[in-house]
Amino acid sequence: MPPVSAFLRTAASYAWRLLVVGAAVYAVFAVLGRFHEIGVALFLGLVVTALLSAPARRLARVLPRSLAVAACLLGSAGLLLGVLVLVGEAVAGESTTLVREFREGLGRIERWLEQPPFRLNPGALSDVQSRVGHYLSSHRSTLLSTALSGAGHLVQVLTVLALAVFSSVFFLHGGDRQWAWFCAQLPVSARGRVAVAGRAAWRTFTGYTHGIVLVAATNAVLVGLALYFLGVPLAVPLALLEFFAAFIPLIGSPVALGVAAVVALAAQGPLVAGVVVALIVVIGQIEGHLLHPLVMSWAVRLHPLVVAISVIAGAIAAGVVGAVVAVPLVSVIWSVRTALRDARHDPGIAP
């Protein structure tokens, strides 16, 4: 039997190792997918902790730690409820005018589509409306079961939010002690490297959270002011949509502004909708070439191609949640890898 070449032996050794690593990664993601609600809740708890840890430390200088944490959580909850009430009042105040504008806008869109170059059949849109009405009337039971399923999903969302708040309380109150306890359970030879990795991960995650919130708030203010001066209805809710959409880099802002363009098209016509479409390009340039380099380069150093691939891969793996989590996860992994590589040259850290 001829001897096996050294290249084939090396390739085989790397191949089975890659298979083992791939199986381990698949098992981890399978477990996370099975208990994804817990993972999402802990992620939200870490986000809240990253945002409120600095205010809680400042308040703890003059108040007991428990009161400082409670004040930060209650204050942020009050601020969030205030924003939601403002959005609700804006929608309720414009509901009557909005319905009339949308009806007139749909008529304008239909007449516009009937003209060159589209030359749409005059009865096409009305036929679509009648088909939608027939579908809704003939599928009431299906729609009712879907609504009940949506109520079950609402209970899951509320459960996740409750667990996120509960975990953030303990993270804010004693996160340092919890991390020290965890490191103490590890072998002595691994404690130094785990501590280095933990500090790098938390520093990167905190920087990313602060940076993305600042970028999202800036985008929301710019979009809200632009829509307000253009006379587009629901400027405040659309600005809030832009704020939350900005948490998905590169993709979220264009999608939110696309919704704003549809609203502008129905309410104000093609000219204002075209201005909103141009706003998509302007906001994208400001976000990509000004805000991200200035605000987030000190915390997250990822190439735009890596960001895009991470967002798309996260969306394929776990939908919207995966798209939101992908970039901070990749950033933390890269930061940990860099910190551990640098720690190899530090004689004070055990290998």
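As a starting point, this report considers the structure included with it.

About the criteria used
Counting restarts for each chain: residues are numbered from 1 in the order of the written sequence. In view of the model being predicted, local features appear only for residues whose pLDDT reaches at least 70, and side-chain atom pairs are presented and counted only at 80 or more, with totals across whole chains, interfaces and linings using the full set of residues. Each side-chain value is worked out from all heavy atoms of the structure, with water and hydrogens disregarded. Secondary structure elements follow DSSP: runs of H or I of four or more residues count as helices, runs of E of two or more count as strands, with numbering from the N terminus. In the analysis that follows, any N or O atom pair within 3.5 Å is treated as a polar contact, provided that within protein one partner can donate a hydrogen and the other can accept it, and provided that, for residues neighboring in sequence, both atoms belong to side chains. Any two residues whose heavy atoms approach within 4.5 Å are treated as being in contact. To define axes, lines are fitted to C-alpha atoms, for helices over the stretch in contact only, and angles between the resulting N-to-C directions are given on a 0 to 180 degree scale. Here the angle decides the label: under 35 degrees means roughly parallel, over 145 means roughly antiparallel, 65 to 115 means roughly perpendicular, and every other value means oblique. Gly counts as polar in this scheme, as do all residues outside two lists: the nonpolar Ala, Val, Leu, Ile, Met, Phe, Trp, Tyr, Cys and Pro, and the charged Asp, Glu, Lys and Arg. Grouping buried Ala, Val, Leu, Ile, Met, Phe, Trp, Tyr and Cys residues that are joined through side-chain atoms within 4.5 Å yields what is termed a nonpolar core. Three exposure classes are used, based on accessible area relative to the maximum for each residue type with a 1.4 Å probe and protein chains only: buried under 20%, partly exposed in between, and exposed over 50%. Any two rings among Phe, Tyr and Trp, with Trp reduced to its six-membered ring, count as a pair given centres within 6.5 Å; such a pair is stacked if its planes are under 30 degrees apart, edge-to-face if over 60, and tilted if neither.

Quick notes on the side chain of Glu242
Turning to step 1, where the next piece is worked out: Tracing the chain through its elements places Glu242 in helix α7 (residues 235-245).
Turning to step 2, where the next piece is worked out: Within the structure, the side chain of Glu242 is placed 2.9 Å from the side chain of Ser253, a separation counted as a polar contact.
Turning to step 3, where the next piece is worked out: Glu242 has contacts with Asn219, Ala220, Val223, Ser253, Ala256, Leu257 and Ile283, leaving out every residue within four places of it along the chain.

Section: the environment of Val330
Turning to step 1, where the next piece is worked out: The topology assignment puts Val330 in helix α10 (residues 304-343).
Turning to step 2, where the next piece is worked out: The sequence separation of Val330 and Val307 amounts to 23 residues, and the corresponding C-alpha distance is 8.5 Å.
Turning to step 3, where the next piece is worked out: Contact partners of Val330, with chain neighbours within four places excluded, come to Leu302, Val306 and Ser310.

A look at the packing of helix α2 (residues 36-60) against helix α6 (residues 188-230)
Turning to step 1, where the next piece is worked out: In contact at an axis separation of 9 Å, α2 and α6 are set at 80° when each is read in the N-to-C sense. Between α2 and α6, the crossing angle belongs to the class labelled roughly perpendicular. Listed contacts from α6 to Phe43, Leu46, Val47, Thr49, Ala50 and Leu51 of α2 are Trp202, Phe205, Thr206, Thr209, His210 and Val213.
Turning to step 2, where the next piece is worked out: For the contact of α2 with α6, a count of residues per class yields 8 nonpolar, 4 polar and no charged.

Here's the deal with the nonpolar core
Turning to step 1, where the next piece is worked out: Ranked by internal contacts, the top residues of the largest apolar core, which has 16 residues, are Leu227, Val232, Leu238, Ala264 and Val276.
Turning to step 2, where the next piece is worked out: Breaking this core down by element, the ones donating at least two residues are α6, α7, α8 (252-268) and α9 (270-296).
Turning to step 3, where the next piece is worked out: With sequence-adjacent residues up to four places away left out, Leu238 is seen in contact with Leu227, Val232, Pro233, Val259, Ala260 and Val263.
Turning to step 4, where the next piece is worked out: With 8 residues, the next largest nonpolar core counts Phe43, Ala197, Phe205 and Val332 among its residues.

Considering the packing of aromatic side chains
Turning to step 1, where the next piece is worked out: Inspection of every chain in the model, using the stated rule, returns 7 aromatic pairs.
Turning to step 2, where the next piece is worked out: Measuring from ring centre to ring centre gives 4.9 Å for Phe166 and Phe170, while their planes differ by 70°; the resulting arrangement is edge-to-face. One end of the pair, Phe166, and the other, Phe170, are both in helix α5 (residues 140-184), 4 residues apart, so they sit about a helical turn from each other.
Turning to step 3, where the next piece is worked out: Ring geometry for Phe243 against Phe247: centres 5.5 Å apart, planes inclined by 80°, an arrangement best described as edge-to-face.
Turning to step 4, where the next piece is worked out: Linked through ring pairs, Phe43, Trp202 and Phe205 together constitute an aromatic cluster.

Interpretation in functional terms is not warranted from these geometric data alone.
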